[in-house]
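A closer look at the structure
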Amino acid sequence: MFCSSTITGGSPAPPIPPSALLPAEMNTEPNRYLLIATSGGLNQQRTGIIDAVVAAYILNATLVVPKLDQQSFWNDPSNFSEIFDVDWFITYLSKDVRIIKQLPLEKAGKVITTRVPRKCNPKCYHSRILPIFDKKHAVQLTKFDYRLSNWLDEDLQKLRCRVNYHALRFSDPILEMGRKLVERMRMKSKHFVALHLRYEPDMLAFSGCYYGGGEKEMKELGALRKRWKTLHTKDPDRERRHGKCLLSPEEIGVMLRALGFGNEVHIYIASGEIYGGEEALAPLRALFPNLHTKETIATKEEDLSQFSPYSSRMAALDFIVCDQSDVFVTNNNGNMAKILAGRRRYFGQKRTIRPNTKKLYRLFLNRNNMTWEEFSSHVRTIQIDFMGEPNEVKPGRDGGFHENPWSCICQYAEARTLTDSTFQSSNNISSSVDKNTGTYQVLSEFEQDLSETEYAEDDNGVQGSL
């Protein structure tokens with residue numbers, strides 16, 4: 001069986017083979033070219049690139065290296081080769097799909113541009129796109145995000161995994177800087193937490209929530225919100241009751257302390273511009289003094305200036321550090337969180353914590369009406385099923401295939417009966433379920449001696465604990 005041995009915490013198996021899929025030379029029709037225009041930020045575009053490869057296979061087409069979104073909110077002019085290793089991408093997938101860097105000149109003026117609906121399945125692609133190929137040799141699909149169904153044949157799902165976990169490797173400059181940032185965090189602490197705070201102006205504005213900043217906040221975020229013409233006005237209180245709002249930096253810090261993380265823990269904050277700056281971070285820093293960002297741990301000699309003007313390159317650096325962290329905490333279940341959660345499952349079941357914002361909201365309202373011990377106990381109970389257990393995210397539900405790449409992970413029968421303590425001991429994190437109270441007890445892993453941790457290298461060439 002070729003799959004990632006995630007469940008037992010072992011090293012990942014070799015890359016998944018083509019299996020029953022036809023090789024590229026047999027599957028590709030001559031003079032049939034698929035062009036893809038991705039959409040959104042780095043990780044949303046990543047999902048588009050992954051699905052573009054599968055769509056090309058479904059359509060028996062040659063794929064032209066996808067075009068990145070340079071016009072959206074993030075306004076990043078980077079092209080594919082500046083973010084990813086394009087030669088590795090083409091070579092690694094050469095047995096699955098024929099990929100070329102540019103459309104042949106003689107086809108350049110003969111491109112039909114169209115769009116497929118969200119979650120389009122193979123039958124949908126055949127009915128909508130193949131008739132166009134019968135008339136024209138080149139088709140461009142625009143705004144290509146989540147345009148492929150979560151539910152595909154197992155072999156197509158495995159192709160998704162080959163693209164996501166093996167073919168999409170960051171470019172050398174990004175990889176080199178990412179490795180340095182990981183090494184810098186390891187120098188500060190043998191084990192560290194990465195927090196995808198996402199407390200950024202665009203995210204706060206998009207959420208439609210209120211974060212306590214008064215008239216100034218409502219005016220600033222309201223102006224930003226107008227950039228999305230399709231967004232409707234939301235009731236902030238209703239959004240928060242339904243768990244649709246981000247936790248504040250202070251709330252994230254309080255949750256982590258309640259889960260057992262001590263103030264000695266080193267936390268890497270993956271984020272762009274934090275709304276409110278250092279003032280917004282101050283309550284979190286009071287709880288965890290050892291806060292770090294790529295800007296604070298990079299030396300002057302390393303110089304982030306080659307990355308800082310480009311949001312996708314900066315996001316790629318955060319992606320690498322979060323991927324290699326011992327514990328990854330996400331403040332919103334967006335594209336980066338889902339992709340990293342799936343990747344961490346695939347490469348060794350490393351801990352990913354998601355706040356149960358809907359229930360935590362009600363608990364935070366009553367926080368001052370109970371003791372710290374009572375509050376902590378409630379947090380641990382609320383966070384059951386949000387702590388990154390192997391079978392926590394059900395196949396086809398929640399974050400979909402990118403969050404739980406079930407077709408690519410070995411599912412041994414005995415794995416379904418693993419106790420929490422067995423899972424935790426294999427991942428060097430001490431936790432258990434209290435049989436009397438049902439609460440989830442998490443002890444600070446940083447109090448343990450983890451000298452036996454093994455490391456394996458993924459296809460981004462970065463060593464990480466498995």
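If you're wondering where the values come from, they're calculated on a predicted model, not measured in any experiment.

1. Comments concerning the overall build of the chain
When you go through the chain residue by residue, the secondary structure sums to 18 helices and 14 strands. Within the chain, the proportion of its 466 residues that are buried is 56%. Within the chain, residue pairs in contact and separated by at least 24 positions form 76% of the contacts whose partners lie at least 6 positions apart. Of the roughly 20900 Å² that the chain leaves accessible, carbon and sulfur atoms contribute 49%.

2. Some words on the state of the cysteines
Per the stated rule, a full pass over the model turns up 3 disulfides. Residue pairing for Cys209: its cysteine sulfur links by disulfide to Cys245, the two sulfurs lying 1.9 Å apart. Taking the sign of the torsion about the S-S bond as the criterion, the disulfide between Cys209 and Cys245, at about -90°, is left-handed. Here Cys209, found in the loop between helix H8 (201-207) and helix H9 (214-225), pairs with Cys245, found in the loop between helix H10 (236-241) and helix H11 (249-258); they are 36 residues apart in sequence, far enough to count as distant. Cys245 matches Cys209 in its accessibility class, with the two residues each being buried.

3. Considerations on the pairing of strand S5 (residues 138-141)
Note on strand geometry: in a regular strand, side chains alternate between the two faces of the sheet. Of the two faces of S5, the one lined by Ala138 and Gln140 and the one lined by Val139 and Leu141 are each fully buried. The pairing of strand S1 (residues 33-36) with S5 spans 4 bridges and is classified as parallel. The residue of S5 that forms the bridge with Tyr33 is Ala138. Across 4 bridges, strand S4 (residues 111-114) lies against S5 in parallel orientation. Paired with Thr113 across the two strands is Gln140, which belongs to S5. Considered for its hand, the β-α-β crossover made up of S4, helix H5 (residues 122-133) and S5 is right-handed.

4. Digging into the pairing of strand S7 (residues 267-270)
Burial along S7 is two-sided: Ile267 and Ile269 and Tyr268 and Ala270, pointing in opposite directions, are all buried. Two strands pair when backbone bridges link them, and strand S6 (residues 193-196) and S7 are joined in this way by 4 bridges, in the parallel orientation. Residue Ala194 lies in a different strand from S7, and its bridge partner there is Tyr268. Pairing analysis gives 2 bridges linking S7 to strand S8 (residues 291-292), with the strands arranged parallel.

5. Regarding unusual backbone geometry
At Asn60, a position not held by glycine, the phi torsion is positive, near 55°. Among the secondary structure elements, Asn60 is positioned in the loop between helix H2 (42-58) and strand S2 (62-64). Unusually for a residue other than glycine, Lys119 sits at a positive phi of about 55°. Within the secondary structure layout, Lys119 lies in the loop between S4 and H5. Since its relative accessible area comes to 59%, Lys119 is described here as exposed.

The rules behind the values
- Residues numbered from 1 in each chain as written.
- Predicted model: local features only at pLDDT ≥ 70, side-chain atom pairs only at ≥ 80, totals over all residues.
- Heavy atoms only, no water.
- Helix = DSSP H or I, 4+ residues; strand = E, 2+ residues; numbered from the N terminus.
- Buried < 20%, exposed > 50% of the residue type's maximum accessible area, 1.4 Å probe, protein only.
- Contact = heavy atoms within 4.5 Å.
- Areas by Shrake-Rupley, 256 points an atom, 1.4 Å probe, with all protein chains shown as cover.
- Disulfide = S-S within 2.5 Å.
- Pairing = 2+ DSSP bridges.
- Right-handed = clockwise from strand over helix to strand, strands pointing away.

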